[in-house]
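# Remarks on the overall topology
Listed here are the chains, written in short residue letters.
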Amino acid sequence: MKNAVIYARSASFNEDSLRTQIVLCKKFADDNGYTVVRIFADNNASGMSAKRPALQRLLKDINSSWETVIILDHSRFFKEPRKYIEYMLKLNFAGKRIIIAIEQKEALL
């Protein structure tokens, strides 16, 4: 089995949105042979800013044994394209990859 983490984000205080994202990402993981070892979720967090507690914890955990970050869609990671690429590169350089669950494919540069 491959180890993965899930990252979910909601721009407002919306527990239902986070729950839905996590459920769909877990289903994707189960269907594709991933073991989810950790879930990172930011509630009431802008997709334009990197100053999100769960995102920062994910980045601090970058040297752990997981290989993949599963997100529901691109906008849950970053809405601003330059930031999306910057943080995707940080993960890639650490040997990690991002998979977008709704597209059922790896995000590539």
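Reference entry: report on the structure contained in this document.

Conventions we followed
- Residues numbered from 1 in each chain as written.
- Predicted model: local features only at pLDDT ≥ 70, side-chain atom pairs only at ≥ 80, totals over all residues.
- Heavy atoms only, no water.
- Helix = DSSP H or I, 4+ residues; strand = E, 2+ residues; numbered from the N terminus.
- Areas by Shrake-Rupley, 256 points an atom, 1.4 Å probe, with all protein chains shown as cover.
- Core = buried A, V, L, I, M, F, W, Y, C linked by side-chain atoms within 4.5 Å.
- Buried < 20%, exposed > 50% of the residue type's maximum accessible area, 1.4 Å probe, protein only.
- Lys, Arg positive; Asp, Glu negative; His and termini not counted.
- Salt bridge = Lys/Arg side-chain N within 4 Å of Asp/Glu carboxyl O.
- Polar contact = N/O pair within 3.5 Å; in protein donor to acceptor, adjacent residues only side chain to side chain.
- Contact = heavy atoms within 4.5 Å.
- Pairing = 2+ DSSP bridges.
- Right-handed = clockwise from strand over helix to strand, strands pointing away.

Right, let's talk about the overall build of the protein chain for a bit. For the protein chain, the helix and strand inventory stands at four helices and five strands. Listed N to C, the secondary structure of the protein chain is β-α-β-α-β-α-α-β-β in terms of helices and strands. In terms of principal-axis extent, the alpha carbons of the protein chain reach across some 35 × 30 × 25 Å. A total of about 5,900 Å² of accessible surface is found on the protein chain, and carbon and sulfur atoms cover 53% of it.

Moving on to the nonpolar core. In this structure, Tyr7, Leu58, Val69, Phe77 and Leu91 are the most contacted members of the largest nonpolar core, which totals 20 residues. Among the elements of the structure, strand S1 (2-9), helix H2 (53-60), strand S3 (68-71), helix H4 (81-93) and strand S4 (97-100) are those that each provide at least two residues to this core. Within the second largest apolar cluster, 13 residues are counted, among which are Ala8, Leu18, Leu72 and Ile99.

The next point concerns the side chain of Asp42. You can see Asp42 is positioned in strand S2 (residues 34-42). No salt bridge is formed by the buried Asp42, whose closest oppositely charged neighbour, Arg52, lies at an N-O distance of 4.8 Å. Polar side-chain contacts of Asp42 include one of 2.8 Å to the backbone nitrogen of Ala54. A polar atom in the side chain of Asp42 sits 3.1 Å from the backbone nitrogen of Leu55. Ignoring anything within four residues of it in the chain, the contact list for Asp42 reads Tyr7, Ala8, Arg9, Ser10, Leu18, Arg52, Pro53, Ala54 and Leu55.

Attention now moves to unusual backbone geometry. Non-glycine residue Asn44 carries a positive phi angle of around 60°. Structurally, Asn44 is set in the loop between S2 and H2.

This part covers the pairing of S1. S1 sits mainly inside the fold: six of its eight residues count as buried. Bridging between S1 and S2 involves eight bridges; their strand directions are parallel. Residue pairing across strands places Ala8 opposite Ala41, the latter belonging to S2. Regarding the hand of the β-α-β motif, the stretch spanning S1, helix H1 (residues 15-31) and S2 is right-handed.

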